[in-house]
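# Structure assessment
One letter stands for each residue in the lines below.
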Amino acid sequence: MDEYEKAFKESIENPEKFWGSAAEQIEWYDKWDKVLESSDKPFYRWFKGGRINTCYNAIDRHVEEGRGDQNALIYDSPVTDTIEKFTYSELKERVSKTAGFLRQLGVNKGDTVIIYMPMIPEALIGMMACARIGAVHSVVFGGFAAKELAIRIDDAKPELILTASCGIERTKVIEYKPLLNKAMNIAEHAPKKVVIKRRPEHEVTLEGEREFDWEELEKEAEPAECVELDANDPLYILYTSGTTGKPKGVVRDNGGHAVALRWSMEHIYGIDPGDVYWAASDVGWVVGHSYIVYAPLLTGATTIMYEGKPVGTPDAGQFWRVIEEHKVKVLFTAPTAIRAVKRVDPEGKFIQKYDLSHFETLFLAGERTDPDTYYWAEDLLKVPVIDHWWQTETGWAIVSNFRGLTQYPVKPGSATKAVPGWDVRILDPITGEELTPGEHGVIAVKLPLPPGTFITLWKNEEGFKEEYMTEYPGYYFTGDGGYIDEDGYIFVMGRVDDIINVAGHRLSTGSMEEAVAKHPDVAECAVLGVEDQLKGEVPIGFLVLKSGVERSHDEIISDVIGMVRNEVGPIASFKKAIVVDRLPKTRSGKILRGTIRDIADGKEYKMPSTIEDPEVLGEMEEAVKKIGYGE
Ligand code: COA
Ligand code: AMP
């Protein structure tokens, strides 16, 4: 057995021993009573009874162990022409003072704090400050519209919001205050306090008693010490798209999360204390939580926070510049980012300009790595390119290749093998029976899940059970489909529900349909994801108008595009829609989204046996051609 096989076998056959020994890497105030508590299935609890503080493990402990002068965080922002470095000691100072002002403003253990911030150091500092005092943060991605922010405010009911005066998208300054004010007006549970990091790129004046200046508060604050927490106390909530318009609040705990992330850095990414690690994502997504903020700091590595894009800020060489300048060992990004670079610089001329001698591995996730992107990156970068599969719910990788265990030959299109701890199975979607190698089905994970995954949905235990644990009893239903081949390689082929991945961002077509359906002229609509060369998938809309509508189709389409931008956000990239006479449906009235998608992607499709009227498919073929699809 190789190293991976040994680790995998032990993790499945004796998970308590495996994770109990991984937990030795973390500092505990008190060790757990039980490594795994399984008495309340499907609510498994890791390290029950253990006492811990995540911020202590991510910052203070490294200062105490002699890493105080090492860089903890490098903020690299080509859009503001800034590079700023924070040692572990400096970060400790900033985080404990931020935690201090949160306390003074009335934030206590167990309270929630919404963080609506761009990619600036204060986002990470705010998250760590919450962790320090046991407050539960919920970061909301800056590209979401006010309504999405309001939905999250109402679900999390925060004591306070941390925000900034603006974000910067390429050359555009995105003002946060108008968005936030709009969200606070829509929300029923708007908090009474907002702390604003005022950036020089956009000055704001503070209004009323509600708004506070971050810098002033931090200057005056008494530093706060780490609070002892239960291993299963919540660390954060992160909302992610479900199949309906209402996002799901994934809850992560402290103990299992710290153990799993620390283990993953060494064994998946091959990162040791002192190494430089860069996840080019955004703190608003799970990749940002786990691999910009928590995992690198829990490891005593240096993390990079990059405020820019892979291309256009200002050029397609920025990834390679950052790698050279900060001696990055591992870069983790989404395939769409590599496709964006490849499109501008197909021959990799920028790559030649930089010294990538410290660079050892490129990790990709967020969507399947298509073979073209894989070969391009591998040929030009000359380092292993590793696709790995995971989800907001899981918090870290389910399937990967391993820089710190056994590194297997890559089969392009596969994310390689199940990570230790993850008992991945392919099930027949109808019967739930396990399928044999090569057979396609839904991907499920036999319970218990390893530490570090979601322990429930925020204030919604029923939803946790119903959405993930009920359809295939004894298994976590991932929502993805795929197969495992004879060699144990896992191929993740895409979602089996109405979630789409646009430029590595997970979005619900349901929430876009909700926005479109509000248009007074729209009787019915379908929004679905179609293949896109750059973003992987983009949404397109099909609109059926109410009878007697006389406005021009172009006007209505432009309205609904604006409505999705306003209600869901620009990140949805909803740019195309078409008016049709009717939508293909089953006899029971269900819209045949899968068939429309196949038609739009120009794929061969089977005539669904339950279709109400087959002729409508011919109409759809013509419709998609009009907006440039179906070929
Ligand atoms: N705040 C406000 N607006 C934002 C935003 C933010 N944080 N992030 C994106 N947007 C806006 C963009 O400005 C754009 O607006 P526009 O329609 O006015 O142009 C829109 O949302 C779509 O953004 P994006 O998907 O980023 O498209 P893009 O064309 O600007 O860039 C890529 C394309 C591929 C370069 C970019 O999507 C990318 O870098 N993707 C990597 C994704 C990633 O890291 N995913 C995390 C998983 S690992
Ligand atoms: P998110 O919760 O935003 O991380 O999105 C998770 C979803 O993205 C998964 O359910 C998959 O559909 C998709 N995904 C992420 N990484 C991969 C990958 N490496 N291969 C295939 N799909 C992926």
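Residues numbered from 1 in each chain as written. Chains lettered and ligands numbered in written order. Predicted model: local features only at pLDDT ≥ 70, side-chain atom pairs only at ≥ 80, totals over all residues. Heavy atoms only, no water.

### A word on the overall build of the protein chain
Helix and strand content of the protein chain: 19 helices and 32 strands. For the protein chain, whose C-alpha radius of gyration is 24 Å, the value lies close to the compact-globule estimate of 25 Å for 631 residues. Expressed along its principal axes, the backbone C-alpha trace of the protein chain runs to roughly 70 × 65 × 55 Å. The long-range fraction of contacts in the protein chain, counting pairs at least 24 apart against all pairs at least 6 apart in sequence, stands at 70%. A total accessible area of about 24400 Å² is found for the protein chain, and carbon and sulfur atoms account for 46% of it. Between the centroid of the 73 positive side chains of the protein chain and the centroid of its 104 negative side chains there is a distance of 1 Å. (Helix = DSSP H or I, 4+ residues; strand = E, 2+ residues; numbered from the N terminus. Rg over C-alpha atoms; globule rule 2.2 N^0.38 Å. Contact = heavy atoms within 4.5 Å. Areas by Shrake-Rupley, 256 points an atom, 1.4 Å probe, with all protein chains shown as cover. Lys, Arg positive; Asp, Glu negative; His and termini not counted. Charge placed at Lys NZ, Arg CZ, Asp CG, Glu CD.)

### With respect to the packing of helix α9 (residues 255–267) against helix α10 (residues 286–299)
Between α9 and α10, the least distance of the axes is 9 Å, while the angle of their chain directions is 85°. Taken together, the axis directions place α9 and α10 in an arrangement best described as roughly perpendicular. Residue-level contacts link His257, Ala258, Leu261, Arg262, Ser264 and Met265 of α9 to Ser290, Tyr291, Tyr294, Ala295, Pro296, Leu298 and Thr299 of α10. A breakdown of the residues in the contact of α9 with α10 according to their chemical character gives 8 nonpolar, 4 polar and 1 charged. (Axes fitted to C-alpha atoms, helices over the stretch in contact; angles between N-to-C directions. Parallel < 35°, antiparallel > 145°, perpendicular 65-115°, else oblique. Nonpolar A, V, L, I, M, F, W, Y, C, P; charged D, E, K, R; others polar.)

### Quick notes on empty space enclosed by the protein
A full pass over the atoms with the stated rule returns 4 cavities of 30 Å³ or more. Space inside the largest cavity adds up to approximately 130 Å³. Within the residue set of the lining of the largest cavity, elements represented by two or more residues are β2 (45–48) and α15 (461–469). For the lining of the largest cavity, a count of residues per class yields 12 nonpolar, 2 polar and 2 charged. (1 Å grid on protein atoms, 1.4 Å probe; cavity = no way out; pocket = protein on both sides within 12 Å on 5 of 7 lines; lining within 4 Å. Points joined across faces, edges and corners; volume = space filled by probe spheres on them.)

### Observations regarding the packing of aromatic side chains
Under the definition given, this model contains 41 aromatic pairs. The interplanar angle of 75° and the centroid separation of 5.1 Å between the aromatic rings of Trp278 and Phe319 together place this pair among those described as edge-to-face. Of this pair, Trp278 sits in strand β16 (residues 276–279) while Phe319 sits in helix α11 (residues 318–326); the two residues are 41 residues apart in sequence, bridging distant segments of the chain. The pair formed by Trp278 and Phe319 is uniform in burial state, with each residue classed as buried. Note on Tyr374 and Tyr375: the rings are 5.3 Å apart at their centroids and 70° apart in plane angle, and the pair reads as edge-to-face. According to the relative accessible area criterion, Tyr374 is buried, its value standing at 8%. Joined through ring pairs, the aromatic side chains of Tyr269, Tyr277, Tyr291, Phe332, Phe363 and Trp390 make up one cluster. Its end group placed over the ring of Tyr408, Lys417 keeps NZ or CZ at 4.4 Å from the ring centre. (Phe/Tyr/Trp six-rings, centres within 6.5 Å; stacked < 30°, edge-to-face > 60°. Buried < 20%, exposed > 50% of the residue type's maximum accessible area, 1.4 Å probe, protein only. Lys NZ or Arg CZ within 6 Å of the ring centre and 35° of its normal.)

### Side note on the sheet that holds strand β27 (residues 490–495)
With respect to topology, 4 strands assemble into an open sheet ordered β23-β24-β26-β27, the strand pairing being antiparallel. Only two strands of the sheet have a single partner each, and these edge strands are β23 (423–427) and β27. Within this sheet the neighbouring strands show an average axis-to-axis angle of 50°, counted without direction. In terms of strand pairing, strand β26 (residues 475–484) meets β27 through 5 bridges, oriented antiparallel. By the bridge assignment for β27, Gly481 is matched with Gly494. (Pairing = 2+ DSSP bridges.)

### Thoughts on the site of ligand 2
Taken together, 15 residues are adjacent to ligand 2, and Asp387, Thr392, Asp480, Arg495 and Arg506 come closest. Within the contact set of ligand 2, a nitrogen atom lies 3.5 Å away from a backbone nitrogen or oxygen of Glu367. Between ligand 2 and Asp387, the relevant distance is 2.8 Å, taken from a nitrogen atom to a side-chain nitrogen or oxygen of the residue. Coverage of ligand 2 by the protein amounts to 94% of the 490 Å² it exposes when considered alone. Of the residues assigned to the shell around ligand 2, the class counts are 4 nonpolar, 5 polar and 6 charged. (Near = heavy atom within 4 Å. Polar contact = N/O pair within 3.5 Å; in protein donor to acceptor, adjacent residues only side chain to side chain.)

### Describing the environment of Glu175
As for its position among the elements, Glu175 is in strand β10 (residues 172–175). In this structure, the C-alpha to C-alpha distance between Glu175 and Leu457, residues 282 residues apart in sequence, is 31 Å. If sequence neighbours within four positions are ignored, Glu175 has contacts with Ser165, Cys166 and His202.

### Topic: the site of ligand 1
Taken together, 24 residues are adjacent to ligand 1, and Glu169, Arg170, Lys309, Lys535 and Arg565 come closest. Here an oxygen atom of ligand 1 sits 2.8 Å away from a polar atom, N or O, in the side chain of Glu169. In terms of residue class, the shell around ligand 1 is built from 10 nonpolar, 7 polar and 7 charged.

### Comments concerning the sheet that holds strand β5 (residues 82–87)
A sheet is described by the order of its strands in space; here 7 strands give the open sequence β5-β4-β17-β16-β18-β19-β20, paired in mixed fashion. The outermost strands of the open sheet, each flanked by one partner alone, are β5 and β20 (385–387). Adjacent strand axes in the sheet meet at a mean angle of 20°, parallel and antiparallel pairs treated alike. Looking at chain direction, strand β4 (residues 71–77) and strand β17 (residues 302–306) are connected through 4 bridges and run parallel. From the neighbouring strand, Tyr75 faces β17, where its bridge partner is Met305. Sitting on the sheet, helix α4 (residues 88–104) touches β4 and β5, and the angle it makes with β5 is about 90°.

### Observations regarding the packing of helix α3 (residues 54–67) against α10
Where α3 contacts α10, the axes come no closer than 8 Å and their chain directions differ by 45°. Considered as vectors, α3 and α10 are oriented oblique to each other. Seen along the crossing, α3 lies across α10 with a hand that is left-handed. Taken together, the residues of α10 that come into contact with α3 (itself represented by Thr54, Asn57, Ala58 and His62) are Tyr294, Leu297, Leu298 and Thr299. When its residues are assigned to classes, the contact of α3 with α10 shows 4 nonpolar, 4 polar and no charged. (Left-handed = near helix turned anticlockwise from the far one by under 90°.)

### Here we look at the domain arrangement of the protein chain
Considered domain by domain, the protein chain is made up of domain 1 (3–308 + 388–482) and domain 2 (503–626). For domain 1 versus domain 2, the distance between C-alpha centres works out to 33 Å. Together, the buried faces of domain 1 and domain 2 total about 1200 Å²; carbon and sulfur atoms form 47% of this surface. Summed over the three residues of domain 1 that lose the most area to domain 2, namely Lys147, Ser241 and Trp285, the buried surface amounts to 36% of that side. The tally of links from domain 1 across to domain 2 stands at 2 salt bridges. Lys147 is paired through a salt bridge with Glu567; the nearest N and O atoms lie 3.6 Å apart. Seen at the junction of domain 1 and domain 2, the total is 6 residue pairs in polar contact (both at pLDDT 80 or more). Take the side of domain 1 that touches domain 2: its biggest share by element is 3 residues, from helix α6 (residues 146–156). For the side of domain 1 that touches domain 2, the residue count by class is 5 nonpolar, 9 polar and 5 charged. (Domains from an automatic or database assignment. Buried area = accessible area lost by both parts, 1.4 Å probe. Salt bridge = Lys/Arg side-chain N within 4 Å of Asp/Glu carboxyl O.)

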